[in-house]
Amino acid sequence: MTTELRPSLPPLRDVIAAHGLQASKALGQNFLLDEQLLDRIAAIPGPLKGERAFEVGPGPGGLTRAILRTGARLVAVERDSRCLPALAELETAFPGQLRVIPGDAMEIDARAEAGDGAHVIANLPYNVGTALLVGWLSAGWSPLPWWSSLTLMFQMEVAERIVAKPGGDHYGRLAVLGQWRSDARIAMKVHRSAFTPPPKVMSAVVHITPKPAPEGVQLKHLERLTAAAFGQRRKMLRQSLKGLPGALDALEALGIDPQRRAETVSVEEFVAAARHLGEAAA
Ligand code: SAM
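Here the structure is a predicted model, which is why all the values come from computation and not from measurement.

The rules behind these values
- Residues numbered from 1 in each chain as written.
- Predicted model: local features only at pLDDT ≥ 70, side-chain atom pairs only at ≥ 80, totals over all residues.
- Heavy atoms only, no water.
- Phe/Tyr/Trp six-rings, centres within 6.5 Å; stacked < 30°, edge-to-face > 60°.
- Helix = DSSP H or I, 4+ residues; strand = E, 2+ residues; numbered from the N terminus.
- Buried < 20%, exposed > 50% of the residue type's maximum accessible area, 1.4 Å probe, protein only.
- Axes fitted to C-alpha atoms, helices over the stretch in contact; angles between N-to-C directions.
- Parallel < 35°, antiparallel > 145°, perpendicular 65-115°, else oblique.
- Left-handed = near helix turned anticlockwise from the far one by under 90°.
- Contact = heavy atoms within 4.5 Å.
- 1 Å grid on protein atoms, 1.4 Å probe; cavity = no way out; pocket = protein on both sides within 12 Å on 5 of 7 lines; lining within 4 Å.
- Points joined across faces, edges and corners; volume = space filled by probe spheres on them.
- Nonpolar A, V, L, I, M, F, W, Y, C, P; charged D, E, K, R; others polar.

> For this particular structure, what's the right way to read the packing of aromatic side chains?
Ring pairs (aromatic) are described by centroid distance and by the angle formed between their planes. With the rule as written, the count across this model stands at four aromatic pairs. Measuring from ring centre to ring centre gives 6.3 Å for Phe 54 and Trp 146, while their planes differ by 70 degrees; the resulting arrangement is edge-to-face. Separated by 92 residues along the polypeptide, Phe 54 in strand 2 (residues 52-56) and Trp 146 in the loop between helix 6 (126-138) and strand 6 (149-155) bring together distant segments of the chain. Comparing Phe 54 with Trp 146 shows no difference in burial state: the two are buried. Ring plane angle 80 degrees and centroid distance 5.8 Å describe the contact between Tyr 171 and Phe 230, whose orientation is recorded as edge-to-face. Placement of the pair is Tyr 171 in the loop between helix 7 (156-163) and helix 8 (173-179) and Phe 230 in helix 9 (residues 219-231), with a sequence separation of 59 residues.

> Honestly, the packing of helix 11 (residues 247-254) against helix 12 (residues 267-281) in this entry has me stumped. Any pointers?
Their axes nearest at 9 Å, the elements helix 11 and helix 12 cross at an angle of 120 degrees. Of the possible angle classes, the one that applies to helix 11 and helix 12 is oblique. Our pair here, helix 11 against helix 12, has a crossing hand that is right-handed. Contacts from Ala 247, Asp 249, Ala 250, Ala 253 and Leu 254 of helix 11 reach helix 12 at Ala 272, Ala 273, His 276 and Leu 277.

> Got a minute to help me understand unusual backbone geometry in this structure?
Residues apart from glycine generally show negative phi values, whereas peptide bonds are mostly found in trans. Cis geometry marks the peptide bond from Ser 142 to Pro 143; its omega dihedral reads -5 degrees. Locating Pro 143 in the fold gives a position in the loop between helix 6 and strand 6. Cis geometry is adopted by the peptide bond preceding Pro 197, which originates at Thr 196 and carries an omega value of -10 degrees. Here Pro 197 lies in the loop between strand 8 (195-196) and strand 9 (203-210).

> Where do I start with the layout of surface pockets in this structure?
By rolling a water-sized probe across the atoms, one finds the places where empty space is left. Volume-wise, the largest pocket comes out at about 820 Å³. Along the walls of the largest pocket sit 46 residues, with Gly 28, Gln 29, Asn 30, Pro 125 and Tyr 126 positioned nearest its centre. Broken down by element, the lining of the largest pocket gets its largest block of residues, six residues, from helix 6. Grouping the amino acids of the lining of the largest pocket by side-chain chemistry returns 24 nonpolar, 15 polar and seven charged.

> How do you make sense of the packing of helix 9 against helix 12 when you look at a structure like this?
Each packed pair of helices is defined by two parameters, the angle between the axes and the distance between the axes. The contact between helix 9 and helix 12 brings their axes to 8 Å, and the two run at 120 degrees. By the angle between their axes, helix 9 is oblique relative to helix 12. Here the hand of the crossing between helix 9 and helix 12 comes out right-handed. Contacts between helix 9 and helix 12 involve His 221, Leu 222, Leu 225, Thr 226, Ala 229 and Phe 230 from the former and Phe 270, Val 271, Ala 273, Ala 274, Leu 277, Gly 278 and Ala 281 from the latter. Its residues placed into classes, the contact of helix 9 with helix 12 shows ten nonpolar, three polar and no charged.

Following this line, the structure appears as C-alpha coordinates:
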(Lines give C-alpha, C1' and ligand atoms only; values in the text may rest on other atoms or scores of the structure.)
Protein backbone atom coordinates (compact mmCIF):
# COMPACT_ATOMS: atom_id res chain seq x y z
CA MET A 1 0.00 0.00 0.00
CA THR A 2 1.63 3.29 -1.03
CA THR A 3 1.46 6.32 1.22
CA GLU A 4 -0.05 8.49 -1.53
CA LEU A 5 -3.15 6.27 -1.35
CA ARG A 6 -3.37 6.91 2.40
CA PRO A 7 -4.17 10.61 2.74
CA SER A 8 -4.37 11.62 6.36
CA LEU A 9 -8.01 11.64 7.35
CA PRO A 10 -9.74 12.02 10.70
CA PRO A 11 -10.68 8.79 12.49
CA LEU A 12 -14.14 7.55 11.51
CA ARG A 13 -15.41 7.98 15.07
CA ASP A 14 -14.55 11.69 14.84
CA VAL A 15 -16.29 11.93 11.45
CA ILE A 16 -19.43 10.37 12.93
CA ALA A 17 -19.35 12.76 15.89
CA ALA A 18 -18.53 15.85 13.83
CA HIS A 19 -21.38 15.24 11.37
CA GLY A 20 -23.90 13.96 13.93
CA LEU A 21 -24.26 10.57 12.20
CA GLN A 22 -26.16 8.70 14.90
CA ALA A 23 -27.04 5.36 13.32
CA SER A 24 -30.57 5.19 11.92
CA LYS A 25 -32.27 1.81 12.25
CA ALA A 26 -34.71 2.66 9.46
CA LEU A 27 -31.77 3.11 7.07
CA GLY A 28 -30.11 -0.15 8.18
CA GLN A 29 -27.10 1.70 9.54
CA ASN A 30 -24.48 -0.48 11.23
CA PHE A 31 -21.13 1.13 10.60
CA LEU A 32 -17.73 -0.54 10.29
CA LEU A 33 -14.86 1.43 11.79
CA ASP A 34 -11.91 -1.02 11.90
CA GLU A 35 -9.60 0.01 9.07
CA GLN A 36 -7.78 -3.34 8.92
CA LEU A 37 -11.06 -5.21 8.61
CA LEU A 38 -12.24 -2.74 5.96
CA ASP A 39 -9.00 -3.17 3.97
CA ARG A 40 -9.50 -6.95 4.11
CA ILE A 41 -13.02 -6.60 2.70
CA ALA A 42 -11.83 -4.26 -0.06
CA ALA A 43 -9.15 -6.84 -0.99
CA ILE A 44 -11.67 -9.66 -1.56
CA PRO A 45 -12.35 -8.86 -5.26
CA GLY A 46 -8.59 -8.89 -6.01
CA PRO A 47 -6.43 -5.96 -7.14
CA LEU A 48 -8.63 -2.95 -7.99
CA LYS A 49 -6.09 -0.33 -9.05
CA GLY A 50 -7.58 1.52 -12.01
CA GLU A 51 -10.72 -0.67 -11.90
CA ARG A 52 -14.27 0.60 -11.59
CA ALA A 53 -16.07 0.02 -8.32
CA PHE A 54 -19.60 0.68 -7.09
CA GLU A 55 -20.67 1.00 -3.46
CA VAL A 56 -24.16 1.14 -2.02
CA GLY A 57 -24.51 3.03 1.24
CA PRO A 58 -21.07 4.52 1.98
CA GLY A 59 -22.43 6.11 5.18
CA PRO A 60 -19.56 7.82 7.05
CA GLY A 61 -17.15 6.34 4.50
CA GLY A 62 -15.16 3.55 6.19
CA LEU A 63 -15.46 0.98 3.42
CA THR A 64 -15.34 3.83 0.91
CA ARG A 65 -11.89 4.83 2.16
CA ALA A 66 -10.70 1.23 1.98
CA ILE A 67 -11.91 0.88 -1.63
CA LEU A 68 -10.29 4.20 -2.57
CA ARG A 69 -7.00 3.06 -0.97
CA THR A 70 -6.88 0.20 -3.49
CA GLY A 71 -6.70 2.78 -6.30
CA ALA A 72 -10.17 1.98 -7.70
CA ARG A 73 -12.41 4.61 -9.32
CA LEU A 74 -15.50 4.50 -7.18
CA VAL A 75 -19.13 5.55 -7.64
CA ALA A 76 -21.12 5.43 -4.39
CA VAL A 77 -24.84 5.98 -3.82
CA GLU A 78 -26.03 7.12 -0.39
CA ARG A 79 -29.59 7.81 0.68
CA ASP A 80 -28.82 9.57 3.96
CA SER A 81 -28.12 13.22 3.19
CA ARG A 82 -26.48 13.64 6.63
CA CYS A 83 -23.53 11.61 5.29
CA LEU A 84 -22.90 13.76 2.23
CA PRO A 85 -20.56 16.36 3.84
CA ALA A 86 -18.32 13.57 5.20
CA LEU A 87 -18.27 11.93 1.77
CA ALA A 88 -17.45 15.27 0.10
CA GLU A 89 -14.30 15.32 2.26
CA LEU A 90 -13.33 11.96 0.75
CA GLU A 91 -13.95 13.29 -2.78
CA THR A 92 -11.39 16.01 -1.97
CA ALA A 93 -8.93 13.64 -0.28
CA PHE A 94 -8.95 11.21 -3.25
CA PRO A 95 -9.12 13.63 -6.21
CA GLY A 96 -10.83 12.24 -9.31
CA GLN A 97 -11.37 8.83 -7.71
CA LEU A 98 -14.79 9.17 -6.06
CA ARG A 99 -18.22 10.28 -7.27
CA VAL A 100 -21.03 10.27 -4.74
CA ILE A 101 -24.62 10.07 -5.92
CA PRO A 102 -27.20 11.22 -3.38
CA GLY A 103 -30.19 8.90 -3.74
CA ASP A 104 -31.80 5.52 -3.41
CA ALA A 105 -29.88 2.51 -4.72
CA MET A 106 -33.20 0.84 -5.49
CA GLU A 107 -34.03 3.56 -7.98
CA ILE A 108 -30.82 4.52 -9.75
CA ASP A 109 -29.49 2.79 -12.87
CA ALA A 110 -26.35 1.28 -11.30
CA ARG A 111 -24.97 0.10 -14.62
CA ALA A 112 -25.26 3.56 -16.20
CA GLU A 113 -23.72 5.21 -13.13
CA ALA A 114 -20.94 2.74 -12.32
CA GLY A 115 -20.08 1.58 -15.84
CA ASP A 116 -19.60 -1.86 -17.31
CA GLY A 117 -17.13 -4.07 -15.52
CA ALA A 118 -17.52 -2.42 -12.12
CA HIS A 119 -16.87 -4.42 -8.96
CA VAL A 120 -19.77 -3.98 -6.56
CA ILE A 121 -18.61 -3.75 -2.94
CA ALA A 122 -20.97 -2.90 -0.10
CA ASN A 123 -21.91 -3.34 3.51
CA LEU A 124 -25.55 -3.47 2.52
CA PRO A 125 -28.44 -2.01 4.47
CA TYR A 126 -30.27 -5.16 5.63
CA ASN A 127 -33.69 -3.86 4.55
CA VAL A 128 -32.85 -3.62 0.83
CA GLY A 129 -29.85 -5.95 0.58
CA THR A 130 -31.64 -9.04 -0.73
CA ALA A 131 -33.72 -7.02 -3.22
CA LEU A 132 -30.58 -5.39 -4.61
CA LEU A 133 -28.83 -8.77 -4.89
CA VAL A 134 -31.79 -10.34 -6.70
CA GLY A 135 -31.75 -7.41 -9.15
CA TRP A 136 -28.01 -7.80 -9.85
CA LEU A 137 -28.38 -11.57 -10.29
CA SER A 138 -31.40 -11.21 -12.59
CA ALA A 139 -31.33 -8.19 -14.87
CA GLY A 140 -29.04 -7.10 -17.68
CA TRP A 141 -27.13 -10.35 -18.36
CA SER A 142 -26.15 -10.72 -22.03
CA PRO A 143 -24.67 -13.32 -21.52
CA LEU A 144 -22.63 -11.95 -18.58
CA PRO A 145 -23.76 -9.16 -16.24
CA TRP A 146 -22.52 -5.57 -16.27
CA TRP A 147 -20.64 -6.10 -12.99
CA SER A 148 -17.39 -8.07 -12.67
CA SER A 149 -17.95 -9.24 -9.10
CA LEU A 150 -20.16 -8.70 -6.07
CA THR A 151 -18.57 -8.42 -2.62
CA LEU A 152 -21.46 -7.92 -0.23
CA MET A 153 -21.97 -7.97 3.52
CA PHE A 154 -25.20 -9.66 4.59
CA GLN A 155 -26.69 -10.97 7.78
CA MET A 156 -25.27 -14.50 8.18
CA GLU A 157 -28.62 -16.17 7.57
CA VAL A 158 -28.96 -14.45 4.16
CA ALA A 159 -25.33 -15.28 3.29
CA GLU A 160 -26.02 -18.95 4.09
CA ARG A 161 -29.10 -18.92 1.86
CA ILE A 162 -27.05 -17.58 -1.08
CA VAL A 163 -24.29 -20.22 -0.88
CA ALA A 164 -26.44 -23.14 0.37
CA LYS A 165 -26.11 -26.61 -1.14
CA PRO A 166 -29.08 -28.98 -1.54
CA GLY A 167 -30.28 -30.90 1.47
CA GLY A 168 -30.72 -28.25 4.11
CA ASP A 169 -33.16 -25.63 5.26
CA HIS A 170 -31.07 -22.78 3.84
CA TYR A 171 -31.30 -24.15 0.30
CA GLY A 172 -33.98 -22.43 -1.76
CA ARG A 173 -34.69 -19.94 -4.54
CA LEU A 174 -31.87 -17.59 -3.55
CA ALA A 175 -29.29 -20.42 -3.73
CA VAL A 176 -30.45 -21.44 -7.22
CA LEU A 177 -30.47 -17.82 -8.41
CA GLY A 178 -27.07 -17.22 -6.86
CA GLN A 179 -25.40 -20.33 -8.27
CA TRP A 180 -26.87 -21.26 -11.66
CA ARG A 181 -24.63 -18.80 -13.54
CA SER A 182 -22.36 -17.53 -10.72
CA ASP A 183 -19.92 -18.89 -8.21
CA ALA A 184 -20.90 -17.77 -4.73
CA ARG A 185 -18.89 -18.27 -1.53
CA ILE A 186 -18.65 -16.86 1.96
CA ALA A 187 -15.37 -14.95 1.89
CA MET A 188 -15.36 -13.74 5.49
CA LYS A 189 -17.45 -14.06 8.63
CA VAL A 190 -17.79 -10.85 10.60
CA HIS A 191 -18.64 -10.76 14.30
CA ARG A 192 -21.50 -8.50 15.33
CA SER A 193 -19.14 -6.62 17.65
CA ALA A 194 -17.29 -5.24 14.60
CA PHE A 195 -20.26 -2.95 13.87
CA THR A 196 -21.35 0.31 15.49
CA PRO A 197 -24.00 -0.21 16.74
CA PRO A 198 -23.73 -4.03 16.84
CA PRO A 199 -26.63 -5.76 15.08
CA LYS A 200 -28.41 -8.66 16.82
CA VAL A 201 -26.94 -11.28 14.48
CA MET A 202 -23.62 -12.26 12.92
CA SER A 203 -22.72 -11.16 9.39
CA ALA A 204 -20.74 -12.49 6.46
CA VAL A 205 -19.23 -11.15 3.27
CA VAL A 206 -20.35 -13.08 0.20
CA HIS A 207 -18.20 -12.99 -2.94
CA ILE A 208 -19.96 -13.72 -6.22
CA THR A 209 -18.39 -13.97 -9.66
CA PRO A 210 -20.41 -14.57 -12.82
CA LYS A 211 -19.82 -17.49 -15.17
CA PRO A 212 -21.30 -18.18 -18.61
CA ALA A 213 -24.94 -19.24 -18.31
CA PRO A 214 -25.83 -22.84 -19.24
CA GLU A 215 -27.02 -22.95 -22.87
CA GLY A 216 -30.69 -22.76 -23.74
CA VAL A 217 -32.02 -21.81 -20.31
CA GLN A 218 -34.13 -18.74 -19.64
CA LEU A 219 -34.28 -17.21 -16.19
CA LYS A 220 -38.07 -16.93 -16.34
CA HIS A 221 -38.45 -20.70 -16.64
CA LEU A 222 -36.01 -21.31 -13.81
CA GLU A 223 -37.85 -18.79 -11.65
CA ARG A 224 -41.25 -20.34 -12.32
CA LEU A 225 -39.92 -23.76 -11.39
CA THR A 226 -38.18 -22.68 -8.20
CA ALA A 227 -41.12 -20.49 -7.12
CA ALA A 228 -43.50 -23.43 -7.45
CA ALA A 229 -41.13 -26.04 -6.00
CA PHE A 230 -39.97 -24.02 -2.98
CA GLY A 231 -43.40 -22.41 -2.51
CA GLN A 232 -44.38 -25.77 -1.02
CA ARG A 233 -40.95 -27.01 -0.03
CA ARG A 234 -42.18 -29.75 2.33
CA LYS A 235 -44.33 -31.32 -0.39
CA MET A 236 -43.22 -33.76 -3.08
CA LEU A 237 -42.45 -32.23 -6.48
CA ARG A 238 -45.37 -34.19 -7.90
CA GLN A 239 -47.64 -32.00 -5.73
CA SER A 240 -45.80 -28.66 -5.73
CA LEU A 241 -45.21 -28.60 -9.52
CA LYS A 242 -48.56 -29.89 -10.65
CA GLY A 243 -49.91 -26.39 -11.38
CA LEU A 244 -46.97 -25.50 -13.64
CA PRO A 245 -47.66 -26.70 -17.20
CA GLY A 246 -44.91 -28.96 -18.54
CA ALA A 247 -43.03 -29.24 -15.24
CA LEU A 248 -43.93 -32.85 -14.44
CA ASP A 249 -43.15 -33.85 -18.03
CA ALA A 250 -39.74 -32.24 -17.62
CA LEU A 251 -39.07 -34.28 -14.46
CA GLU A 252 -40.06 -37.46 -16.24
CA ALA A 253 -37.94 -36.70 -19.30
CA LEU A 254 -34.95 -36.05 -17.05
CA GLY A 255 -35.51 -39.03 -14.78
CA ILE A 256 -36.03 -36.84 -11.69
CA ASP A 257 -38.18 -38.73 -9.18
CA PRO A 258 -41.37 -36.66 -8.56
CA GLN A 259 -41.49 -38.01 -5.02
CA ARG A 260 -38.45 -35.93 -4.14
CA ARG A 261 -38.77 -32.58 -2.36
CA ALA A 262 -37.46 -29.29 -3.76
CA GLU A 263 -34.65 -29.04 -1.23
CA THR A 264 -33.02 -32.22 -2.63
CA VAL A 265 -32.98 -30.99 -6.24
CA SER A 266 -29.56 -29.71 -7.31
CA VAL A 267 -29.02 -26.43 -9.14
CA GLU A 268 -28.01 -28.46 -12.23
CA GLU A 269 -31.26 -30.44 -12.07
CA PHE A 270 -33.34 -27.25 -11.81
CA VAL A 271 -31.40 -25.83 -14.77
CA ALA A 272 -32.03 -28.96 -16.86
CA ALA A 273 -35.74 -28.87 -16.01
CA ALA A 274 -35.93 -25.15 -16.91
CA ARG A 275 -34.29 -25.91 -20.26
CA HIS A 276 -36.85 -28.62 -20.88
CA LEU A 277 -39.72 -26.27 -19.96
CA GLY A 278 -38.41 -23.67 -22.40
CA GLU A 279 -38.03 -26.21 -25.22
CA ALA A 280 -41.57 -27.48 -24.61
CA ALA A 281 -42.95 -23.93 -24.65
CA ALA A 282 -41.13 -22.99 -27.89
N1 SAM B 1 -20.67 1.55 4.27
C2 SAM B 1 -20.85 1.98 5.65
C3 SAM B 1 -20.04 1.09 6.56
O4 SAM B 1 -19.70 -0.01 6.14
O5 SAM B 1 -19.78 1.50 7.70
C6 SAM B 1 -22.32 2.00 6.05
C7 SAM B 1 -23.04 0.66 5.92
S8 SAM B 1 -24.67 0.66 6.62
C9 SAM B 1 -24.87 -1.07 6.93
C10 SAM B 1 -25.78 0.88 5.22
C11 SAM B 1 -25.70 2.24 4.51
O12 SAM B 1 -26.64 2.22 3.43
C13 SAM B 1 -26.08 3.43 5.37
O14 SAM B 1 -25.15 4.47 5.15
C15 SAM B 1 -27.47 3.85 4.87
O16 SAM B 1 -27.73 5.22 5.01
C17 SAM B 1 -27.37 3.44 3.41
N18 SAM B 1 -28.67 3.15 2.77
C19 SAM B 1 -29.78 2.61 3.31
N20 SAM B 1 -30.73 2.43 2.38
C21 SAM B 1 -30.20 2.86 1.21
C22 SAM B 1 -30.70 2.94 -0.12
N23 SAM B 1 -31.92 2.50 -0.43
N24 SAM B 1 -29.90 3.46 -1.07
C25 SAM B 1 -28.64 3.90 -0.76
N26 SAM B 1 -28.12 3.84 0.47
C27 SAM B 1 -28.89 3.34 1.45
